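The primary structure of each chain is shown beneath.
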Amino acid sequence: MLYLLDLLGTIVFAMTGSLVARRKQLDIFGVVVIAFVTAVGGGTLRDMILGNTPVFWVNDPSYIVAVLLGVLITIILVRFNWLPNRPLLIADACGLALFTVIGTQVTLVLDVHWSIAIVMGVMSSVAGGMIRDVLSDDIPLVLRKEIYATASLLGATCYLIMVGMGFTTIAIIVSMSLTLTLRLTAIWRGWSLPIDSIGFGVD
């Protein structure tokens, strides 16, 4: 089930990358590149840092197919104007929650320190979007006031604590729910981190 959800999350993240590339008016090659780095960039960096090579999508080309499918779906939906913004934000939040848990879980299997597992969980879910934004000449979303990486951080921490307590199966559900709820609530209520919390107020 997690594997299938991982592929679904890959499709969703590829769609968000495709939309950014479309907004920047890139050609089809640029669209595929941006979609690819958005969808698998975080997991790729995680595997490379941990020495877990070949990286996951090299061992399983299904992820490449999922990215291409995400690009194709986006092209079709945009063509017929069937892609409202709100459902895509919800889908992106689901992908964030899923990739957070999977990234943390994969790292724990390698028997590393708990702090590394949290960092890799967050990296798996947000690094692809950071690469996308850098390539698209935007300030990465996680470096702005959006509650995005914060939701992933809390979700990864929750998963680690529950696994440590022996609740392995339910930890997946609870940590995903926590990440998803925080992100969706932030979207719905307009929550954000204060930009002047460390004295860097905007003049």
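Shown above is the structure to which this text applies.
Remember, it's a predicted structure, so these values are computed and weren't measured experimentally.

Colleague: Explanation requested: the environment of Pro-87 in the structure shown.
Modeller: Within the secondary structure layout, Pro-87 lies in helix α5 (residues 85–109). Measuring from C-alpha to C-alpha, the distance between Pro-87 and Met-165 comes to 35 Å, with 78 residues separating the pair along the chain.

Colleague: I tried to follow the pattern of salt bridges on my own but got confused; where do I start?
Modeller: Oppositely charged side chains are able to pair whenever their charged atoms sit close together. Using the criterion set out here, one finds 4 salt bridges in the structure. Note that Asp-138 and Lys-24 form a salt bridge whose closest N and O atoms lie 3.1 Å from each other. Of the two residues, Asp-138 is situated in the loop between α6 (114–135) and α7 (149–164) and Lys-24 in the loop between α1 (2–23) and α2 (28–50); the sequence distance between them amounts to 114 residues. Given the relative accessible area of 22%, Asp-138 is considered partly exposed. Bridged by salt links that share partners, the residues Arg-23, Lys-24 and Asp-138 form one connected network.

Colleague: Just checking my understanding: could you explain the packing of α6 against α7 for this structure?
Modeller: Contact geometry of α6 with α7 gives a least axis separation of 9 Å together with a crossing angle of 140°. With respect to α7, the axis of α6 lies oblique. Where α6 crosses over α7, the two elements pack in a sense that is right-handed. Residues Trp-114, Ala-117, Ile-118, Gly-121, Val-122, Ser-125 and Val-126 of α6 form the contact with α7, whose own contacting residues are Ala-149, Ser-152, Leu-153, Ala-156, Thr-157 and Leu-160.

Colleague: Got a minute to help me understand the packing of aromatic side chains in this structure?
Modeller: For any two aromatic rings, the description comes down to two numbers: the centre-to-centre distance and the angle of the planes. Summed over all chains, the structure comprises 4 aromatic pairs. Ring geometry for Phe-13 against Phe-99: centres 4.9 Å apart, planes inclined by 70°, an arrangement best described as edge-to-face. Taken as a pair, Phe-13 in helix α1 and Phe-99 in helix α5 lie far apart in primary sequence, 86 residues in all. Comparing Phe-13 with Phe-99 shows no difference in burial state: the two are buried. Relative to Trp-57, the ring of Phe-36 has its centre 5.0 Å away and its plane inclined at 85°; by these criteria the two rings are edge-to-face. On the criterion of sequence distance, the pair formed by Phe-36 in helix α2 and Trp-57 in helix α3 (residues 56–59) is long-range, its members being 21 residues apart. Aromatic rings pair up to connect Tyr-3, Phe-56 and Tyr-63 into one cluster.

Each value, and the rule that gives it
- Counting of residues starts from 1 at the beginning of each chain's written sequence and follows it residue by residue.
- Residue-level local features of this predicted model are given only where pLDDT is at least 70; pairs of side-chain atoms are given and counted only at 80 or more, and the full residue set underlies all totals for whole chains, interfaces and linings.
- Note that water and hydrogens are dropped before the side-chain values are worked out from all heavy atoms of the structure.
- The helix count covers DSSP runs of H or I at least four residues long, the strand count covers runs of E at least two residues long, and both are numbered beginning at the N terminus.
- Salt-bridge detection follows one rule: a side-chain nitrogen of Lys or Arg within 4 Å of a carboxyl oxygen of Asp or Glu.
- Buried means the residue's accessible area, taken with a 1.4 Å probe over protein chains only, is under 20% of the maximum for its type, while exposed means over 50%, and partly exposed covers the values in between.
- Note on geometry: axes are C-alpha line fits, over the in-contact stretch for helices, and angles between N-to-C directions span 0 to 180 degrees.
- Geometric relationships in this document are graded by angle, where less than 35 degrees denotes roughly parallel, more than 145 denotes roughly antiparallel, 65 to 115 denotes roughly perpendicular, and other angles denote oblique.
- Throughout, a crossing is termed right-handed when the near helix is turned clockwise from the far one, and left-handed when it is turned anticlockwise from it by less than a right angle.
- Between two residues, a contact is recorded if the distance between any of their heavy atoms is within 4.5 Å.
- Whether two aromatic rings pair depends on their centres lying within 6.5 Å, for rings of Phe, Tyr and Trp, where Trp uses its six-membered ring; planes under 30 degrees apart make the pair stacked, over 60 edge-to-face, and the rest tilted.

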